[in-house]
2 protein chains.
Amino acid sequence: MSKLAQLAAAASAPPCCPSLTDRELTEEEAEITAAMFKALGDPVRLRLFSKVASHPDREACVCDIADVGVSQPTVSHHLKKLREAGLLLSERRGTWVYYRVAPAVLAALSGFLTARD
Amino acid sequence: MSKLAQLAAAASAPPCCPSLTDRELTEEEAEITAAMFKALGDPVRLRLFSKVASHPDREACVCDIADVGVSQPTVSHHLKKLREAGLLLSERRGTWVYYRVAPAVLAALSGFLTARD
DNA sequence: CCGTTAATTAGATATGCATCGAATCAATCA
DNA sequence: TGATTGATTCGATGCATATCTAATTAACGG
């Protein structure tokens, strides 16, 4: 597990994750959260993420999602970034490698963007 | 209004904004949405955004939020990026300029990140 | 042992981005 | 007119990133 993913996991463990409207982020929280948004801030990565998330059972083999117009090493590179940001989890199953969305982190980001009145 | 902000507004107008789990993003949707995440993907920008969002009445004068450790032109530069991404709105009121969170776009991003079962 | 899948490495290129200082401009107010 | 706030411009620097090709490595299955 990468250092960033560890920090992300720690930050997303309840009862962390303030809503945007609760209070301003600390510098450290801003670093962690910005890293996740940054990972989603590239069109190719966002499409890869979207392909995984919208796949049946919310998981997909690399072979199912790799068609995004860039080379194989570049796909691998982007998937690694998404893993390191704590957004995707990967698992080898036989010949293929499957990716799935990390549910807690996704919920944390969504909650962060949801204004509480 | 910037071209990006126009696209963003169009993309966030109902009944657009699929949830991540609904279907995979088109290339154009990925461009627009990634641009918003990218804007939130810088720690300084995210802190500025967080300061505005957590301020009373969810709006703040630049003078209230400018203390993020970078120069005045750099603060202005980041606020412009957040405006262009459609995330913040600005308004001059007398001597001061006030920023507030664009509610629809924020809700759209949150909805995007919320998995529907 | 060979084929397949995908991660990784290496090296290279090109572009983008954050940041600065210094200066200027625009809007407002006293 | 002068002071204040903040946007903008300019030029510059340094670092990060996206991408490629080519090659290699690792894990698995037959």
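In what follows, the accompanying structure is described. This structure is a prediction, so every number in the text was calculated from the model and none was measured. Throughout this document, residue positions are counted from 1 along each chain, in the order its sequence is written. Ligands are numbered from 1 and chains lettered from A, in the order in which they are written. Only residues with pLDDT of at least 70 get local features here, since the model is predicted, and only at 80 or more are side-chain atom pairs given and counted; chain-wide, interface and lining totals rely on the full set of residues. For side-chain calculations, the full set of non-hydrogen atoms in the structure is used, while hydrogens and water are omitted.

### Concerning the protein's contact with DNA strand C
The following threshold applies: Here a residue is considered near a molecule or strand provided that any single heavy atom belonging to it is located within 4 Å of it. Whenever a nitrogen or oxygen atom comes within 3.5 Å of another N or O atom, the pair is scored as a polar contact, on the condition that within protein one atom can donate a hydrogen and the other can accept it, and that pairs from neighbouring residues in sequence are kept only if both atoms are in side chains. Side-chain classes are defined by residue name, with Ala, Val, Leu, Ile, Met, Phe, Trp, Tyr, Cys and Pro counting as nonpolar, Asp, Glu, Lys and Arg as charged, and the others, Gly among them, as polar.
Neighbouring residues of DNA strand C: 28 residues in total, closest Gln72(A), Ser76(A), Lys38(B), Arg45(B) and His78(B). His78(B) places a side-chain nitrogen or oxygen 2.3 Å from a phosphate oxygen of DNA strand C. Of the residues belonging to the surface near DNA strand C, the class tally is 10 nonpolar, 10 polar and eight charged.

### Here's the deal with the packing of helix α2 (residues 27–39) of chain B against helix α6 (residues 103–113) of chain B
Two quantities define a packed helix pair, namely the angle between the axes and the distance from one axis to the other. Residue and element names in this part refer to chain B. Quick note on the threshold: Only the contacting stretch of a helix is used when fitting its axis, a line to C-alpha atoms as for every element, and angles between N-to-C directions run 0 to 180 degrees. Only DSSP runs of H or I covering at least 4 residues are called helices, and only runs of E covering at least 2 are called strands; the numbering of each starts at the N terminus. In these notes the angle categories are as follows: under 35 degrees is roughly parallel, over 145 is roughly antiparallel, 65 to 115 is roughly perpendicular, and the rest is oblique. Contacts: residue pairs with any heavy atoms within 4.5 Å of one another.
Here α2 crosses α6 at 105°, and the two axes come no closer than 12 Å. The angle between α2 and α6 falls in the class roughly perpendicular. Residues Thr33, Met36 and Phe37 of α2 form the contact with α6, whose own contacting residues are Val105, Leu109, Phe112 and Leu113. Taken together, the residues of the contact of α2 with α6 sort by class into six nonpolar, one polar and no charged.

### With respect to the interface of chain A and chain B
Convention followed: Here's the idea: put two parts together, see how much 1.4 Å probe accessible area each one loses, and the total over both is what we call buried area. By salt bridge we mean one thing: a side-chain nitrogen of Lys or Arg within 4 Å of a carboxyl oxygen of Asp or Glu.
If you look at the interface, chain A gives 34 residues, while chain B gives 34 residues. Buried area between chain A and chain B, summed over both chains or domains, comes out near 2900 Å², and the portion from carbon and sulfur atoms is 66%. At the junction of chain A with chain B, the criterion picks out four salt bridges. A salt bridge links Arg47(A) to Glu27(B); its shortest N-O distance comes to 4.0 Å. There are nine residue pairs in polar contact (both at pLDDT 80 or more) connecting chain A and chain B. Secondary-structure elements contributing two or more residues to the side of chain A that touches chain B are α2 (27–40), α3 (43–53) and α6 (103–113) of chain A. With eight residues, the top contributor of residues to the side of chain A that touches chain B is α2(A). Looking at side-chain class alone, the side of chain A that touches chain B contains 15 nonpolar, seven polar and 12 charged residues.

### What to know about the protein's contact with DNA strand D
The immediate surroundings of DNA strand D are formed by 28 residues, with Arg45(A), Thr74(A), His78(A), Gln72(B) and Ser76(B) found nearest. For DNA strand D, the fraction of protein-proximal atoms (within 4 Å) that sit in sugar or phosphate groups is 73%. At a separation of 2.8 Å, a phosphate oxygen of DNA strand D approaches a polar side-chain atom of Thr74(A). In the model, a base nitrogen of DNA strand D is placed 2.6 Å from a nitrogen or oxygen of the Gln72(B) side chain. Elements with a minimum of two residues in the surface near DNA strand D: α3 and α5 (72–84) of chain A together with α4 (62–65), α5 (72–84) and β3 (96–101) of chain B. A class-by-class count of the residues in the surface near DNA strand D yields 10 nonpolar, 10 polar and eight charged.

### Some remarks on α2(A)
The line we're drawing: By this rule the span expected of a helix is its residue count minus one, scaled by 1.5 Å. For the exposure calls, accessible area comes from a 1.4 Å probe over protein chains only, and a residue counts as buried if that area is under 20% of its type's maximum, exposed if over 50%, partly exposed in between.
With 14 residues, α2(A) ought to run about 20 Å at 1.5 Å a step, and its terminal C-alpha atoms sit 20 Å apart, in line with that. Within the span of α2(A), buried status applies to Ala30(A), Ile32(A), Thr33(A), Ala34(A), Ala35(A), Met36(A), Phe37(A), Ala39(A) and Leu40(A).

### With respect to the relation of the copies chain A and chain B
Operational definition: A least-squares fit on C-alpha atoms brings the copies together, and the residues used are those whose pLDDT is at least 70 in both copies.
Note on the copies: chain A fits chain B at an RMSD of 0.0 Å, the axial shift is 0.0 Å, and the rotation between them is 180°. A rotation of that kind, with that shift, is consistent with a two-fold axis. A symmetric contact is evident, with 100% of the interface residues of chain A recurring at the interface of chain B.

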